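This is what each chain is made of:
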Amino acid sequence: QVHVEESGGGLVQPGGSLTLSCTASKSVFSFNTMDWYRQAPGAQRELLASISAQGVTTYAESVQGRFTISKDRAKNTLYLQMIGLKPEDTAVYYCHAREEHIGVDLEIVPYDIWGQGTLVTVSS
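Residues numbered from 1 in each chain as written. Predicted model: local features only at pLDDT ≥ 70, side-chain atom pairs only at ≥ 80, totals over all residues. Heavy atoms only, no water.

**Regarding the pairing of strand 7 (residues 67-72)**
Then, in step 1: Residues of strand 7 alternate between two faces, with Phe67, Ile69 and Lys71 buried on one and Thr68, Ser70 and Asp72 left unburied on the opposite face.
Then, in step 2: Note: strand 7 against strand 8 (residues 77-82), six bridges, orientation antiparallel. If you follow Asp72 over to strand 8, its bridge partner there is Thr77.
Then, in step 3: In textbook terms, the turn of a hairpin is the stretch between consecutive antiparallel strands, and for strand 7 and strand 8 this stretch comprises four residues, one of which, Asn76, has a positive phi near 50 degrees. (Buried < 20%, exposed > 50% of the residue type's maximum accessible area, 1.4 Å probe, protein only. Helix = DSSP H or I, 4+ residues; strand = E, 2+ residues; numbered from the N terminus. Pairing = 2+ DSSP bridges.)

**Quick word on the environment of Tyr37**
Then, in step 1: Positionally, Tyr37 belongs in strand 4 (residues 33-39).
Then, in step 2: Taking the C-alpha atoms as reference, Tyr37 lies 13 Å from Asp112; in sequence the two are 75 residues apart.
Then, in step 3: In contact with Tyr37, other than residues within four places in its own chain, are Arg45, Glu46, Leu47, Leu48, Val92, Tyr93, Tyr94, His96 and Trp114. (Contact = heavy atoms within 4.5 Å.)

**Side note on the pattern of salt bridges**
Then, in step 1: Tallied over the entire structure, the rule returns five salt bridges.
Then, in step 2: Here Arg66 makes a salt bridge to Asp89, at a shortest N to O gap of 2.8 Å. Placement of Arg66 in the loop between strand 6 (57-59) and strand 7 and of Asp89 in the loop between strand 8 and strand 9 (91-102) is noted, with a sequence separation of 23 residues between them. This pair shows no difference in class: Arg66 is buried, exactly as Asp89 is.
Then, in step 3: With a shortest N-O distance of 2.7 Å, Asp112 and Arg98 are connected by a salt bridge. Here Arg98 lies in strand 9 and Asp112 lies in strand 10 (residues 108-114), a separation of 14 residues in the sequence.
Then, in step 4: Among the charged side chains, a network of salt bridges with common partners joins Arg38, Glu46, Arg66 and Asp89. (Salt bridge = Lys/Arg side-chain N within 4 Å of Asp/Glu carboxyl O.)

Shown next, in the form of structure tokens:
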């Protein structure tokens, strides 16, 4: 089965930096889209950053300029580089990957793959 797994979370001081990794069981360029989400306690899951198979990136306004999404073909790994961390960035961060295929009725059939999450705590 295709799977992804996050790592790199931990405790960091406000203003600090942290880089999260998401290792995939196959090429990170084989997915239509890969994304980073986060979910704080009691909050809805929030899309932070996306990268397409072609390498086009998009960011949520809350993290644009501070977070950078990238992927490494050789290591089958998606990264989220985070700088200038704030207490409100505290959340469980999730890696997500989507594959899209054409079904027998010409519909788009999505396959969504989620990691288990890694906790980032920003606190002094």
